[in-house]
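Secondary and tertiary structure notes
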Amino acid sequence: MNRKPYLIAEIAQAHEGSLGILHSYIDAVAKTGVQAIKFQMHLAEAESSIHEPFRVQFSKEDATRFDYWKRMEFTLDQWKGIKQHCDEVGLDFICSPFSNLAVDWLEEIGVHTYKVGSGEVNNFLLLEKITQTGKPIILSSGMSSFAELDQTVAFLNSKKSQFSILQCTTAYPTQPEQYGLNVIAELKQRYNIPIGFSDHSAKMATGIAAVALGAEILEFHVVFHRTMFGPDAIASLTLEETKQLVEAVHDIHSALQHPIHKNNNAAFNELKSIFEKSLALNKNLPQGHTLTFADLESKKPKGYGISAADFEKVIGRQLTKDKSQWDFLNEDDLA
């Protein structure tokens, strides 16, 4: 992974259906250092019905899940303004469609990349629509077994699509035992494509660990404050945490690009001469004294006496001259 990890800040429904709040998120995210911002395009009539149950019954103003999606909608012109704002601040505009109609809108808007949510990985109708655009695709694997992913990967390969997969656990917030960090390597080996991590833990450490383990894409929810209203706020990072995560991830990437070769420590020769020590005596001793371990001390710097590493070689040998306490011990002092 030579390129920096691709960092995606997901807004999802954190805007609460407010266009003003959504635009304020774009400005805030642009200051964090991520490369992309991700939205979800919900068009209630096309994707849902009044029969859809709530995943979490959080809303006190929406009688049904359908009503909630309706309240999350924006017009096509409003979405075009959102995309333009992202362009102006240098953020890639990524969006998850949940209907074929949303794909049509996103093509008219000019989406950068399609994100396929965990619940849509086996929706081949939607995937067919997306593949027809020729745009890159990012898949979340949160609810998919390897058998199911195999089918989706085979479908996308048959369409010659450019795609990547994110290890993801559909739990909000995700607990440490649910992260599945081991799956990152398994996905890489199984599919030989770019692999990333979609995080819902609300902890910076999770994303840092994922990148250290080879994630090339990192997606995470962001929110102004975790006490805000909405289904994802509790599983999100704050904007300040996002800034810290970006810095940490870049540091980890830099570290991975510069492996240390422990067999070559020539760069430390000068420091070693300062920190390493020479043998010395811890008491006044006469000529002819036979040295024991109890007579020895080690003192800085290296090179003013026998190396402290070689102390066993002097035990049992006799002094050829009187030595004072704290004198360095050299080979010519020994018989």
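Structure first, text after, so check above.
Below or above, wherever it landed, is the structure these notes cover. (Residues numbered from 1 in each chain as written. Predicted model: local features only at pLDDT ≥ 70, side-chain atom pairs only at ≥ 80, totals over all residues. Heavy atoms only, no water.)

**Focus on the overall build of the protein chain**
For the protein chain, the count of helices and strands is 11 helices and 11 strands. At 31 Å, the protein chain has a C-alpha radius of gyration far larger than the 20 Å of a compact globule built from 335 residues. Judged by the C-alpha coordinates and their principal axes, the protein chain covers about 100 × 40 × 35 Å. When burial is assessed residue by residue, the protein chain has 45% of its 335 residues classed as buried. Within the protein chain, residue pairs in contact and separated by at least 24 positions form 66% of the contacts whose partners lie at least 6 positions apart. Per element, the accessible surface of the protein chain, about 16,400 Å² overall, is 52% carbon and sulfur. Computing the positive centroid from 32 side-chain charges and the negative centroid from 42, the protein chain places the two 5 Å apart. (Helix = DSSP H or I, 4+ residues; strand = E, 2+ residues; numbered from the N terminus. Rg over C-alpha atoms; globule rule 2.2 N^0.38 Å. Buried < 20%, exposed > 50% of the residue type's maximum accessible area, 1.4 Å probe, protein only. Contact = heavy atoms within 4.5 Å. Areas by Shrake-Rupley, 256 points an atom, 1.4 Å probe, with all protein chains shown as cover. Lys, Arg positive; Asp, Glu negative; His and termini not counted. Charge placed at Lys NZ, Arg CZ, Asp CG, Glu CD.)

**So, the pairing of strand β1 (residues 6–10)**
The buried fraction of β1 is high, at five of five residues. Bridge count for β1 against strand β8 (residues 217–223) is five bridges, and the pairing is parallel. Looking across to β8, one finds that Ala9 is bridged to Phe220. On the question of chirality, the crossover connecting β1 to the parallel strand β2 (residues 36–41) by way of helix α1 (residues 19–30) is right-handed. (Pairing = 2+ DSSP bridges. Right-handed = clockwise from strand over helix to strand, strands pointing away.)

**Details of the pattern of salt bridges**
Counted according to the given criterion, the structure contains 21 salt bridges. Note that Lys321 is salt-bridged to Asp333, the shortest N-O span being 3.3 Å. Of the two residues, Lys321 is situated in the segment after β11 (296–299) and Asp333 in the segment after β11; the sequence distance between them amounts to 12 residues. For Lys321, a relative accessible area of 34% corresponds to the partly exposed category. What you see here is one network of salt bridges that share partners, running through Glu10, Lys38, Lys115 and Glu219. (Salt bridge = Lys/Arg side-chain N within 4 Å of Asp/Glu carboxyl O.)

**Topic: the packing of aromatic side chains**
Enumeration over the complete set of coordinates arrives at nine aromatic pairs. Judged by centre distance (5.7 Å) and plane angle (35°), the ring pair of Phe39 and Phe93 falls under tilted. With Phe39 in strand β2 and Phe93 in strand β3 (residues 92–97), the pair connects residues that are 54 residues apart, well separated along the chain. Residue Phe39 is classed as buried on the basis of its relative accessible area of 0%. (Phe/Tyr/Trp six-rings, centres within 6.5 Å; stacked < 30°, edge-to-face > 60°.)

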